[in-house]
Amino acid sequence: MPFTRAEKEQMIAQYRELLSRSQALILADYLGLDAQGMYRLRQKIKKSGGAFHVTKNTLLRIALQQAGWTVPEDLLEGPTAAAFCLEDPPAVAKALLEFAEESKILKIKGGLLDGRRLRPEDVKALSELPPRPVVLGQVLGAIQAPAAQLAGVLTAVLQQVVGILQARADQLKETSQTA
């Protein structure tokens, strides 16, 4: 049964809203995936901080244009499902690729990240990046390391100054006792 104009406009608005919150978009061919498999995949993507929707290519194309995203025309052919990466693109890419490996049905077409087009092998490379909390920890560690080193150097210098002052005090004490 065809969609009414109002339903189509609602879907475009939904896609546009998801795109406004997304850091990346991964497109896949889902042909042959049953309802149970689709449910499992949606749950896996949701746990990874994303949303997975079967899309109408024309409506997704319009939403991409309206949201100011690049439109990958060749990826919007045939059955298309979109994974919107709302929180952690590597986690969503990993969930999609793991499911594709399990099911042998889902095929990654490609995607978009920061206005740049992704090929299927780029999506695989994205999935191999460390999760966001790990990256944030690494950045924080890199920022804190110089400060910790500086504190260590200053502490060592202060200890040397205290040592010199103590030696001078001992020397003066000796001199006053011998006099």
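The structure we're discussing is the one just above.
Reading the values: the criteria
Residues numbered from 1 in each chain as written. Predicted model: local features only at pLDDT ≥ 70, side-chain atom pairs only at ≥ 80, totals over all residues. Heavy atoms only, no water. Pairing = 2+ DSSP bridges. Helix = DSSP H or I, 4+ residues; strand = E, 2+ residues; numbered from the N terminus. Axes fitted to C-alpha atoms, helices over the stretch in contact; angles between N-to-C directions. Contact = heavy atoms within 4.5 Å. Buried < 20%, exposed > 50% of the residue type's maximum accessible area, 1.4 Å probe, protein only.

Peer 1: Go over the sheet that holds strand β3 (residues 80-85) with me, naming the residues and quoting the values.
Peer 2: The strand order across the open sheet formed by five strands is β2-β3-β1-β4-β5, and the pairing between neighbours is antiparallel. Looking at which strands have only one partner, the edges of the open sheet turn out to be β2 (50-55) and β5 (116-118). If you compare each strand with its neighbour and ignore which way they point, the axes differ by 20° on average. Helix α3 (residues 57-67) contacts β1 (24-29), β2, β3 and β4 (107-113) of the sheet and is inclined by roughly 35° relative to β3.

Peer 1: Which residues make up the pairing of β4, and what values do they have?
Peer 2: Of all seven residues making up β4, five are buried, and the element is well covered by its neighbours. Summarising the sheet, β1 and β4 pair through six bridges and their orientation is antiparallel. When the sheet's bridge partners are listed, A28 is paired in β4 with I108. Hairpin connection of β4 to β5: two residues between the antiparallel strands, including D114 at a positive phi of 50°.

Peer 1: Account for the side chain of S48, with residues named and values stated.
Peer 2: Positionally, S48 belongs in the loop between α2 (35-47) and β2. The class for S48 is buried, based on a relative accessible area of 17%. Among all residues touching S48, those that are not within four sequence positions of it are D88, A91, V92 and A95.

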